[in-house]
Structure formats: structure tokens, C-alpha cells
Amino acid sequence: MTYETVIGLEVHIQIDTRTKMFCGCSNCFGADANTSICPICMGYPGVLPVPNYLAIRRTILAGLMCNCEIARFSKFDRKSYFYPDMPKNYQITQFDLPLCGSGHLDLSGKTLSGDLIPEKTVKITRIHLEEDVGKSTHFATCSGIDYNRAGVPLMEIVSEPDMKTPDEAYVYLRTLRAVMKYAGISDCDMEKGQMRCDVNISVRPTGASYLNPKTELKNLNSFKMVHHAIEYEIERQSDVLNNNGELVQQTRGWNDDAGETYVLREKENAHDYRYFPEPDLMPIRISDAELAAIKEEMPETPTDKKVRFVEQYHLPDYDAGVLTSDMDIAAYFEICVDSGGSPKKVSNWIMSELLRELSRVDVPITACPVPPQNLVALLTLVENKTINGKIAKSVFDEMFSSGKTADAIVVEQGLRQVTDTSEIIGLVRLVIAENPAVVAQYREGKGTALNFLVGQVMKLSRGKANPQLAVSSLKTELD
Ligand SMILES: [Zn+2]
């Protein structure tokens with residue numbers, strides 16, 4: 001029996017605002033526990049919430065970035081539940097009239113294994129605006145609660161169950177994060193809890209039209225964990241079905257050390273949250289003028305930027321996809337090109353050397369020790385044949401670790417390319433004299449013999465010989 005997987009994601013993203021959703025407390029991360037709270041976010045009796053206008057605008061902007069229908073009439077609701085992290089015993093959220101309705105996101109960027117994702121569109125069900133809850137920390141004998149996070153503006157983005165593989169879910173999250181960062185809505189830093197993700201996943205026989213009971217995966221702290229947890233669940237659920245077992249609805253967590261999911265809660269019946277319209281807040285009406293003003297704020301989406309990079313810089317689709325998957329990488333690329341770099345050459349260097357080194361030391365491109373202008377200066381040295389391509393790579397590594405410019409390194413280490421023909425011919429004659437057997441092979445027509453001899457010339461010159469000159473001089477001398 002073969003199976004197919006049905007995956008839907010619920011993503012919570014904190015909105016970057018100065019103050020909380022319904023009060024004037026600072027929306028800050030990392031302050032001392034319970035120092036950014038007030039009677040409103042602590043739910044004292046008789047207080048009145050006042051909505052944060054910027055949070056509403058940014059949620060609508062998020063909807064526009066995700067091609068959603070924007071509601072012209074929307075409202076807040078109360079969701080009742082009792083849990084220590086919720087001081088009011090209800091959460092202000094949106095139930096039946098969310099700010100953003102159906103939309104879609106075109107996936108772009110690389111999978112976990114580094115391949116570019118094939119074309120895929122994921123439908124978005126809705127985006128609604130709510131307030132975050134406090135954060136519990138559990139110790140051996142007691143628990144502590146920090147309410148600084150209670151009342152922070154939070155968006156929930158619900159996708160349709162459109163995804164079928166761990167790769168699609170992984171790239172969906174990356175695309176969503178890229179879009180939010182592009183629009184300045186959130187930094188989506190998962191370590192700070194600014195982006196959190198629940199995965200709904202179920203497996204069924206290929207081609208079936210029914211859905212098996214789903215597993216809800218929680219506490220996934222990185223995109224990588226989402227990928228691994230989905231892989232594990234596909235295996236686990238397929239095994240259950242192969243053994244004629246029955247899947248049951250479960251909430252499961254992910255144990256990263258063990259590399260497996262575990263049961264958090266069994267077969268939950270739907271909660272009765274007793275939703276009702278929040279009586280302390282007026283409904284929201286979005287006028288034509290307001291919607292037009294928010295549309296004005298819309299930056300280029302990653303998809304638009306990718307199309308533009310292909311057209312404007314004549315880059316292959318693959319390059320444009322990698323460069324635009326992150327707004328900061330795209331910006332770095334464009335500064336390089338504006339500083340006179342050739343687009344395809346700049347792109348090659350960013351995609352290979354630069355991104356490799358950044359990921360090795362785990363530094364974002366915004367903190368790259370090689371500024372764009374310095375990378376372009378290095379490429380210029382290759383272009384005008386001051387150094388050859390191979391030396392350029394070692395110069396780059398030195399630039400990356402020391403922060404020095406290419407010019408300084410080339411001068412310091414005497415790396416200037418040898419383009420003096422007589423000097424190269426001297427080396428060529430030496431190599432021919434020292435390798436009679438290989439020279440004989442060359443004369444018998446063995447193609448690889450020439451490569452070996454070129455290698456020897458380069459070695460003798462300590463990598464500094466101009467490779468084209470080495471080849472042509474060798475050929476002339478041998479023939
Ligand atoms: Zn407050």
C-alpha cells in the first residue's frame with residue numbers, strides 16, 4: 001500500500017510594534033519578568049482595551065503580501081479558557097470575521113537538502129489578529145509565569161491542508177518568514193518566540209478522498225525540527241496503517257534528542273471556547289482610502305523580486321530564487337551590482353563562497369565581514385587578471401576571516417598573477433624537462449596529460465601563473 005500525506009500549518013507571528021495590542025505597555029523581549037504589564041493586559045476588572053492601529057494595519061499588510069481578500073468589516077471576539085498564562089481567563093481574538101480571508105503563497109527557496117523547491121502554491125485560509133499569552137517556566141518544585149508577553153499583538157496564519165511533503169512545509173515556513181521580513185511586519189525570530197508553528201498532519205492511502213484522524217504537532221522550535229517531525233510522523237502513521245492499526249487524533253510533541261514525536265494529549269474533543277463578540281471593542285471598518293494607503297506601503301514580494309532579478313539582471317531562475325529567498329541577501333546582491341559587479345559573477349560568489357562561509361560561522365549576511373564593495377573589488381582583481389580565479393578563492397577566505405580588503409591581501413602575500421610570458425615559458429620548459437613520461441603520453445594523444453602538466457606549472461608558480469597563458473605556452477613548447 002502506498003500512502004500520501006496531508007499537511008496544514010498554523011503559524012503564529014508576533015507583530016513588531018512599540019506597544020502591546022490593547023494597552024500602552026512596551027512590546028519588548030528579554031525584559032525582567034513582569035515589568036512590562038499593567039491593569040489592562042493583566043485583566044483587572046473594569047479596564048477597557050484600546051486596539052493598536054499599527055497592529056491592525058500590519059495584519060492587513062500581511063494579508064496583502066499573501067494575496068488574501070481583505071475584510072472591509074471585521075471584529076474582535078472573546079475566546080474563553082482557563083489557564084495560568086491567560087490572566088483575563090479569555091483571549092481577545094477573531095472568530096468568524098477575521099481581517100484577512102482566503103489567499104495564497106507561492107513557495108520559493110531551497111529545501112533542507114539545498115535543492116530549489118519545484119513550483120507550488122499553498123492556499124491560505126485566513127489571517128486573524130489576537131493577543132499573545134504569558135509564558136510559563138517550570139522548575140523542579142514550582143512554576144513561574146512571565147506576563148510581559150501577555151497582550152503582545154499576534155497574527156495567526158492558517159494554511160489549507162495543501163502540503164504533501166516535509167520539504168513543502170519547510171519551504172512554506174521559509175517563504176512566509178521571508179514575506180513578513182520583506183514587509184517589516186516581524187523579524188520572525190523563532191528563538192525569541194516571534195514565530196511559532198503547529199503542524200496538522202495525517203496519512204491516507206494514495207488517492208483516497210477521506211481524511212484519517214490527524215496528529216497536531218506542537219513545540220517545534222525550528223524549521224528543521226518541523227521537517228524532521230513531519231518525516232517521523234509520516235513513518236509512524238504509515239506503520240500504524242500497515243499493521244492494520246487505527247489512527248487516533250492526538251497532540252504530539254517533538255523530542256529533538258531522541259528524534260521522535262511523543263504523545264502530549266490523547267483524543268481531545270473540541271473545546272467549547274464560548275466565543276462571543278468582544279463587547280468592549282467596536283467592530284473594525286476598513287475604508288477604501290485606508291486600504292489604498294496600506295497597499296501603497298506594500299514592498300515588492302519575494303516572487304515579484306525573483307521575476308525582476310531574472311528580467312533585469314538576466315539571472316537564471318535558480319540564482320534569482322536563492323538570492324530573493326532572503327531580503328538581506330537580495331539587498332547585498334543589488335549593492336554589489338550597483339557598485340559595478342557583473343550580476344552573474346556576483347551571484348556565483350554569493351551562492352557559493354559567501355553563503356557557505358556565513359553558514360559555517362552561523363552569521364547573518366547583515367553582519368557579513370566582507371562588505372559588498374569589497375567583494376566587487378575582489379571580482380575586479382580577477383577581471384583585470386591581477387589574480388586568477390583559484391587564488392581569488394583563498395583571498396576571499398582571508399577577507400572573510402580578517403576583514404581586510406582584497407588589494408591589501410594580494411600585496412601582503414605577493415599573490416599577483418604571473419602574466420610575464422618569458423617567466424611562464426621558463427616554468428613550462430622546466431616542467432617538460434622533469435616529466436618526460438607524461439610528455440610522451442601527450443604526444444601519443446592522451447588528453448589528460450596536458451592537464452597534469454598545466455597543474456605542474458601552476459604548482460611551480462605557487463598558483464600565481466595565469467592559467468590561460470600556462471596552457472598556451474605549454475602547447476606551443478610541446479608542439
Ligand atoms: Zn499592559
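In the block above lies the structure referred to throughout.
Right, let's walk through the structure included here.

Rules used throughout
- Residues numbered from 1 in each chain as written.
- Predicted model: local features only at pLDDT ≥ 70, side-chain atom pairs only at ≥ 80, totals over all residues.
- Heavy atoms only, no water.
- Donors = N, O, S within 2.8 Å, 3.2 Å for Na, K, Ca; no water.
- Pairing = 2+ DSSP bridges.
- Helix = DSSP H or I, 4+ residues; strand = E, 2+ residues; numbered from the N terminus.
- Buried < 20%, exposed > 50% of the residue type's maximum accessible area, 1.4 Å probe, protein only.
- Contact = heavy atoms within 4.5 Å.
- Phe/Tyr/Trp six-rings, centres within 6.5 Å; stacked < 30°, edge-to-face > 60°.
- Lys NZ or Arg CZ within 6 Å of the ring centre and 35° of its normal.
- Axes fitted to C-alpha atoms, helices over the stretch in contact; angles between N-to-C directions.
- Salt bridge = Lys/Arg side-chain N within 4 Å of Asp/Glu carboxyl O.
- Parallel < 35°, antiparallel > 145°, perpendicular 65-115°, else oblique.
- Left-handed = near helix turned anticlockwise from the far one by under 90°.
- Nonpolar A, V, L, I, M, F, W, Y, C, P; charged D, E, K, R; others polar.

What follows deals with the coordination of the zinc ion. Protein-derived coordination of the zinc ion comes from Cys23 (SG), Cys25 (SG), Cys38 (SG) and Cys41 (SG), at a distance range of 2.3 to 2.4 Å. One chain supplies every donor for the zinc ion, spaced along it as C-x1-C-x12-C-x2-C.

Think of a sheet as strands paired side by side through backbone hydrogen bonds, with each pair either parallel or antiparallel. Strand order across the open sheet formed by three strands is E4-E3-E14, with antiparallel pairing between neighbours. Each edge of the sheet is formed by a strand with only one pairing partner; in this case those strands are strand E4 (90–93) and strand E14 (276–277). Relative to E4, strand E3 (residues 77–80) is paired through four bridges, and the arrangement is antiparallel. The residue bridging Ser80 from the neighbouring strand is Tyr90, located in E4.

Before going further, it helps to spend a moment on the environment of Leu48. Position of Leu48 among the secondary structure elements: in the loop between strand E1 (3–14) and helix H1 (53–65). Exposure remark for Leu48: the relative accessible area of 54% places this residue in the exposed category. Separated by 86 residues in sequence, Leu48 and Gly134 place their C-alpha atoms 19 Å apart. Residues contacting Leu48, with those up to four places away along its chain left out, are Ile40 and Asp280.

Scanning all chains against the criterion turns up 11 aromatic pairs. Ring centres of Phe95 and Tyr275 lie 4.0 Å apart, and the angle between their planes is 15°; on these two criteria the pair is classed as stacked. On the criterion of sequence distance, the pair formed by Phe95 in the loop between E4 and strand E5 (103–106) and Tyr275 in the loop between strand E13 (260–266) and E14 is long-range, its members being 180 residues apart. With relative accessibility at 29%, the residue Tyr275 sits in the partly exposed group. Consider the rings of Tyr273 and Tyr275, whose centres lie 5.9 Å apart with planes at 70°: the pair is edge-to-face. Aromatic ring contacts, followed pair by pair, group Tyr81, Phe95, Tyr273 and Tyr275 into a single cluster. Sitting over the ring of Tyr90, Arg78 keeps its end group 4.0 Å from the ring centre.

With 10 of 12 residues buried, E1 lies mostly within the body of the structure. With 11 bridges connecting them, E1 and strand E10 (residues 195–205) associate as antiparallel partners. Residue pairing for E10: Val11 is matched across the bridge by Cys197. Strand direction decides the pairing type here: E1 and strand E9 (residues 153–159), joined by five bridges, are antiparallel. Bridge pairing in E9 links Val11 to Ile157.

Further remarks concern the sheet that holds E13. Read from one edge to the other, the open sheet built from eight strands follows the order E5-E6-E9-E1-E10-E11-E12-E13, with strand pairing classed as mixed. Whereas interior strands pair on both sides, the edge strands pair on one side only; in this sheet they are E5 and E13. Sheet twist, expressed as the mean angle between neighbouring strand axes with direction ignored, is 30°. Along the sheet face, H1 touches E5, strand E6 (121–131) and E9 and points at about 175° away from the line of E6. The sheet strands contacting helix H3 (residues 223–242) are E1, E10, strand E11 (215–220), strand E12 (250–255) and E13, and the helix crosses E10 at an angle near 25°.

The next point concerns the pattern of salt bridges. Applying the stated criterion across every chain yields a total of 28 salt bridges. The shortest N-O distance in the salt bridge between Lys218 and Glu216 comes to 3.5 Å. Note that Glu357 and Arg360 form a salt bridge whose closest N and O atoms lie 2.7 Å from each other. Residue Glu357 and its partner Arg360 are located together in helix H8 (residues 343–361), separated by three residues, close to a single helical turn. Through salt bridges with shared partners, one network takes in Glu353, Arg356, Glu357, Arg360, Lys393 and Asp397.

Okay, the packing of helix H6 (residues 317–324) against H8 next. The contact between H6 and H8 brings their axes to 11 Å, and the two run at 55°. Of the possible angle classes, the one that applies to H6 and H8 is oblique. Note on packing geometry: the crossing formed by H6 with H8 is left-handed. In this structure, H6 contributes Tyr318, Asp319, Val322 and Leu323 to the contact, and H8 contributes Lys344, Ser347, Asn348, Ile350, Met351 and Leu355. Its residues assigned to classes, the contact of H6 with H8 comprises six nonpolar, two polar and two charged.

Honestly, that's just the spatial picture; any functional story needs more than this.
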